[in-house]
Amino acid sequence: MNHIIYNILIPAIMPILFLNIAATPVEVLGCRNRGLIAFMIALISGLASLSAAIMAIRGRMRNDLDTIRWIITSLILVIPVIALIILA
């Protein structure tokens, strides 16, 4: 159960946070602040996704069974980066 929390639910916070910022009206945060916050969330999420992918590659080289969880984590964390590219 802890693996589901650490590898799925906690990384899912980043896409939810990004989409909430993207859906916030411009009048609330302002255009520049909203863009900077969305960019920072996407940057942090992208770096975390890269580190999860590296963990998956290391596990794959060691024939570890937890590799699929790191791949899922990486795919969840890359959602804000893809959304930023599409929305920009």
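Just above sits the structure.
Basis of the calculations
- Residues numbered from 1 in each chain as written.
- Predicted model: local features only at pLDDT ≥ 70, side-chain atom pairs only at ≥ 80, totals over all residues.
- Heavy atoms only, no water.
- Buried < 20%, exposed > 50% of the residue type's maximum accessible area, 1.4 Å probe, protein only.
- Helix = DSSP H or I, 4+ residues; strand = E, 2+ residues; numbered from the N terminus.
- Arc of directions from axis to C-beta.
- Axes fitted to C-alpha atoms, helices over the stretch in contact; angles between N-to-C directions.
- Parallel < 35°, antiparallel > 145°, perpendicular 65-115°, else oblique.
- Left-handed = near helix turned anticlockwise from the far one by under 90°.
- Contact = heavy atoms within 4.5 Å.
- Nonpolar A, V, L, I, M, F, W, Y, C, P; charged D, E, K, R; others polar.

*Asks:* Before we move on, can you summarise helix 2 (residues 13-23) with the specific residues and values?
*Replies:* Along an α-helix, residues three or four positions apart point the same way, because every turn accommodates 3.6 residues. Listing the buried residues of helix 2 in full gives M14, P15, F18 and I21. Seen end-on, helix 2 carries its buried residues on one side only, within an arc spanning 130°. Across helix 2 from its buried face, at more than 90 degrees, point the exposed residues I16 and A23.

*Asks:* Give a description of the packing of helix 2 against helix 4 (residues 31-61) that names residues and reports values.
*Replies:* Viewed as axis vectors pointing N to C, helix 2 and helix 4 meet at an angle of 165°, and their least axial separation amounts to 9 Å. Relative to helix 4, the element helix 2 lies roughly antiparallel. When you trace helix 2 past helix 4, the crossing you get is left-handed. Residue-level inspection shows M14, L17, F18, I21 and A22 of helix 2 in contact with helix 4, the latter providing R34, I37, A38, I41, A42, I44 and S45. Looking at the contact of helix 2 with helix 4 residue by residue, the class counts come to 10 nonpolar, one polar and one charged.

*Asks:* Quick rundown of the environment of M14? Include the residues and the values.
*Replies:* Secondary-structure assignment places M14 in helix 2. Along the sequence, M14 and I71 sit 57 residues apart, while their C-alpha atoms lie 16 Å from each other. Among residues more than four places away in sequence, those in contact with M14 are I41, I44, S45, L77 and P80.

*Asks:* Explain unusual backbone geometry to me, using residue names and the numbers behind them.
*Replies:* Even without being glycine, N63 reaches a positive phi, approximately 60°. For N63, the location among the structural elements is in the loop between helix 4 and helix 5 (67-77). By relative accessible area, N63 is classed as exposed at 67%.

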